[in-house]
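Tertiary structure, described
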Amino acid sequence: MNLQQLRYVVATAEHRTMTDAARSLYIAQPALSRAIRDLERELGMTLFARSGRGVVVTAQGRRVVKLAREALDAVREIEALSTHGHSSEAELRIASTPSLEPGLAGRLLPAYTAEHPGVRVHIVRCDGRDGVISAIRDQRADLGLTDLPVPTDLISHPLERQEIVLISPPGVALPDPVPMSRLNGMRLVLPAPGSSRRREFEALFAKHGVTPVVAAQLDERGNWLSAVRSGTASLLWYRGMTEQAARAGLVVRALDPSVRRVIAIVHARRRLPAIAQEFLSVAESGSAA
């Protein structure tokens, strides 16, 4: 058994399909399947059992996965010793959605870099919560900043509750705050059908008994404000976008009743590198608030 095989076991357990696990490891799916079968023969036990199109971890496999994670965490900790002194080589990777990046860059990063000037911080830009989750799972980022909920294979550390507001073109006659009932029949820019974000909006509309008119369905959040600037629709999004919306000449109004989402730092269920642990401590201490 070697470290590569341990990584294969952990990735397969986390992704629950050979295809997704292979993609996260940047190897072909048949190669991963063969490696898992070879390891099972070497150990004399079955680690994964097929279930539909995916796999489930067996009772013996759960123990092996737990020990494999511990072994990989120990290796990462040893490797981190060389960067614990925060040399110029140390890099912290943080995945973030576009709407939360201003808060990350404006509040959290200055507080962290003031205490740890030797660490280079790289922001992994992701188009939405699903992108942040993928970046964490694929180990392209050490930490992620997104709103909740996230899948149970990730650990979340809530930071704040952020308000959802209505961003509209100028000249739209609406009170401030806007009663939720006024969303009925309103033209809105919404995420693409089937996405987790779209389902959350649909649940919100159902809760308040309103049916907006879908003016545009866009997954690229960078295009959302452009769609509102065109004057064809309004947008529901975080108050953190207020400054950007104001610069674009748009109008921001609160909702009644107010709607808030919990913003959190998330990471995989493994021991964090020292520089990531320190970022989390700074964020949770309130020094970045």
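Rules and cut-offs
- Residues numbered from 1 in each chain as written.
- Predicted model: local features only at pLDDT ≥ 70, side-chain atom pairs only at ≥ 80, totals over all residues.
- Heavy atoms only, no water.
- UniProt positions renumbered as here; feature names shortened; annotations may be inferred.
- Pairing = 2+ DSSP bridges.
- Helix = DSSP H or I, 4+ residues; strand = E, 2+ residues; numbered from the N terminus.
- Right-handed = clockwise from strand over helix to strand, strands pointing away.
- Core = buried A, V, L, I, M, F, W, Y, C linked by side-chain atoms within 4.5 Å.
- Buried < 20%, exposed > 50% of the residue type's maximum accessible area, 1.4 Å probe, protein only.
- Contact = heavy atoms within 4.5 Å.
- Polar contact = N/O pair within 3.5 Å; in protein donor to acceptor, adjacent residues only side chain to side chain.
- Phe/Tyr/Trp six-rings, centres within 6.5 Å; stacked < 30°, edge-to-face > 60°.
- Expected span 1.5 Å × (residues − 1).
- Arc of directions from axis to C-beta.
- Axes fitted to C-alpha atoms, helices over the stretch in contact; angles between N-to-C directions.
- Parallel < 35°, antiparallel > 145°, perpendicular 65-115°, else oblique.
- Left-handed = near helix turned anticlockwise from the far one by under 90°.
- Nonpolar A, V, L, I, M, F, W, Y, C, P; charged D, E, K, R; others polar.

Per an unreviewed UniProt entry, the recorded name for the protein is DNA-binding transcriptional LysR family regulator, and the organism is Streptosporangium lutulentum. Per its UniProt entry, the protein bears the Sequence similarities (unreviewed entry) comment "Belongs to the LysR transcriptional regulatory family."

**Observations concerning the pairing of strand β4 (residues 120-125)**
On a regular strand, each side chain points to the face opposite its neighbour's, so the side chains alternate between the two faces of the sheet. Sheet analysis places strand β3 (residues 91-96) next to β4, joined by six bridges and oriented parallel. In the sheet register, I94 faces β4, and the bridge partner there is I123. Taking the sense of rotation as the criterion, the β-α-β connection linking β3, helix α5 (residues 101-115) and β4 turns out right-handed.

**A look at the nonpolar core**
Core analysis: the biggest nonpolar cluster contains 53 residues, and L92, L166, I167, L236 and F279 have the highest contact counts within it. Tallying contributions element by element places helix α10 (residues 274-285) first for this core, with six residues. With near-sequence residues (within four places) excluded, F279 lies in contact with L92, I94, L104, L108, L109, Y112, L143 and I265. Judged by nonpolar contacts, the second largest core, of 17 residues, contains Y8, A21, A22 and V65.

**What about the side chain of S234?**
Here S234 is to be found in strand β10 (residues 234-238). Side-chain polar atoms of S234 contact the side chain of S168, separated by 2.9 Å. Residues in contact with S234, not counting those within four places in the same chain, are L166, I167, S168, P169, M186, R187, L188, V189 and V228.

**Let's talk about the packing of aromatic side chains**
Throughout the structure, instances matching the rule amount to five aromatic pairs. Ring geometry for W224 and W237: centres 5.1 Å apart, planes at 75 degrees, overall edge-to-face. Of this pair, W224 sits in helix α8 (residues 224-229) while W237 sits in strand β10, placing them 13 residues apart in sequence. For W237, a relative accessible area of 3% corresponds to the buried category. Arranged with centres 5.0 Å apart and planes meeting at 50 degrees, the rings of W237 and Y238 form a pair that is tilted.

**Section: helix α1 (residues 3-15)**
Because each turn of an α-helix spans 3.6 residues, side chains separated by three or four positions end up pointing in the same direction. Over its 13 residues, α1 runs 18 Å from end to end, which matches the ideal 18 Å to within 8%, given 1.5 Å per residue. Those residues of α1 that fall on the buried side of the exposure criterion are Q5, L6, Y8, V9, V10, A11, T12, A13, E14 and H15. Where α1 begins, one side-chain oxygen reaches toward the backbone nitrogen of Q4, 3.1 Å away; that side chain belongs to N2. With its phi angle positive at about 70 degrees, R16 sits one or two positions after the end of α1.

**Description of the environment of M18**
For M18, the location among the structural elements is in helix α2 (residues 18-25). Exposure remark for M18: the relative accessible area of 10% places this residue in the buried category. Separated by eleven residues in the primary sequence, M18 and Q29 place their C-alpha atoms 6.2 Å from one another. Not counting residues up to four positions away in its chain, the partners in contact with M18 are T12, Q29, L32, S33 and I36.

**Things to note about α2**
Every buried residue of α2 is listed here: M18, A21, A22 and S24. Projected down its long axis, α2 shows its buried positions confined to an angular sector of 160 degrees, all on one face. In this fold, the buried residues of α2 make contact with α1 and α3 (29-43).

**Comments concerning the packing of α1 against α2**
In contact at an axis separation of 8 Å, α1 and α2 are set at 130 degrees when each is read in the N-to-C sense. Between α1 and α2, the angle falls in the class oblique. Viewed along their axes, α1 and α2 form a crossing whose handedness is right-handed. Each of R7, Y8, A11, T12 and H15 in α1 lies in contact with α2, whose residues at this interface are M18, D20, A21, S24 and L25. For the contact of α1 with α2, the residue count by class is five nonpolar, three polar and two charged.

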